[in-house]
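# Understanding the architecture of this molecule
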Amino acid sequence: MIRFMEEKDLPEVLAIYNDIILTSKAVYRYEIQSLDEKKQWFHAQQAAGNPLLVFEEDGVVAGFANYSQFRPYPGYKHTMEHSVYVHKGHYQKGIASKLMHQLIAIAEKQGVKTLVAGIDGENIASIKAHEKLGFEYAGTIKNAGYKFGEWLDLVFYQLHLTGPKK
């Protein structure tokens, strides 16, 4: 079941995110996040009107997704960058795709023009999943990050949406 994230979900969301930090190149962060940091993030996202979704399975948060403004300047107000994370015990169940379909529907309703994905260049599964959703390759920043003793390329994909009704 997909629903909007609640503050009570944050410990489970945090556990998923911190595992991603410690075990993957999906986030170019080294240190785990605290619950207080995640609460601040949650409230800031809510205040900005950004969607925060969770996928709940048997009463457990199996994944989460959100988007926020791509850059903090007015000219980017219709361009959002999204994130989607799934608990490793729930991979290959289609959870990320289901969350993305819902996120895209919300983006359309909110008048988003462009949805951006920043993906580690070695994450072929995420690249293919985004391509299946209609995202197009937009470029690569070589050596954009450093983690686990190696330089990492960051690839960008974008999805063109209807945008604002003007």
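Anyway, here's the lowdown on the structure attached to this text. Just so you know, the residues in each chain are numbered from 1, in the order the chain's sequence is written. The predicted nature of this model means local features are confined to residues of pLDDT at least 70 and side-chain atom pairs, given and counted, to a pLDDT of 80 or more, with totals for whole chains, interfaces and linings taken over all residues. Water and hydrogen atoms play no part in the side-chain values, which are based on all heavy atoms of the structure.

Residues belong to one nonpolar core when they are buried, are Ala, Val, Leu, Ile, Met, Phe, Trp, Tyr or Cys, and are joined through side-chain atoms within 4.5 Å. Between buried and exposed lies partly exposed: a residue is buried under 20% and exposed over 50% of the maximum accessible area for its type, with that area taken using a 1.4 Å probe on protein chains only. Ranked by size, the top nonpolar core spans 25 residues in total, and within it Tyr-67, Met-100, Ile-104, Leu-115, Phe-135, Tyr-157 and Leu-161 carry the most contacts. Counting from the N terminus, the helices are the DSSP runs of H or I reaching at least four residues and the strands are the DSSP runs of E reaching at least two. Elements supplying a minimum of two residues to this core: strand S2 (52-57), strand S3 (60-69), strand S4 (79-86), helix H3 (95-109), strand S5 (114-120) and strand S7 (150-160). Sorting elements by how many residues they give to this core places H3 first, with seven residues. Contacts are assigned to residue pairs that have any heavy atoms within 4.5 Å of one another. When near neighbours in sequence (up to four residues on either side) are disregarded, Ile-104 contacts Leu-115, Phe-135, Leu-159 and Leu-161. Counting 15 residues, the second-largest nonpolar core is a separate cluster that includes Leu-10, Ile-16, Ile-20 and Tyr-85.

By the secondary structure assignment, Arg-3 is in strand S1 (residues 2-4). Polar contacts, as used here, are pairs of N or O atoms within 3.5 Å; protein pairs need one atom able to donate a hydrogen and one able to accept it. Residues neighboring in sequence count only if both atoms are side-chain atoms. Side chain to side chain, Arg-3 and Asp-9 meet in a polar contact 2.8 Å long. What Arg-3 contacts, discounting residues up to four positions off in sequence, is Lys-8, Asp-9, Leu-52, Leu-53, Val-54, Glu-56 and Val-61.

This part is about the sheet that holds S2. Taking strand neighbours across the sheet as the criterion, the seven strands line up as S1-S2-S3-S4-S5-S7-S6 in an open arrangement whose pairing is mixed. In this open sheet, the two strands that pair with only one neighbour each are S1 and strand S6 (136-147). For this sheet, the mean angle separating the axes of adjacent strands, direction not counted, is 25°. Being paired, for any two strands, means DSSP has found at least two bridges between them. As defined by bridge partners, S3 adjoins S4 across seven bridges and the pair is classed as antiparallel. By the bridge assignment, Ala-65 is partnered in S4 with Val-84. Note on definitions: angles span 0 to 180 degrees between N-to-C directions of axes, and those axes are lines fitted to C-alpha atoms, for helices only across the stretch in contact. Sheet strands in contact with helix H1 (residues 10-23) are S2, S3, S4 and S6, and its direction is about 75° off that of S3. Across the sheet, helix H2 (residues 35-47) touches S2 and S3, and the angle it forms with S3 is around 55°.

These figures come from the coordinates and say nothing about function on their own.
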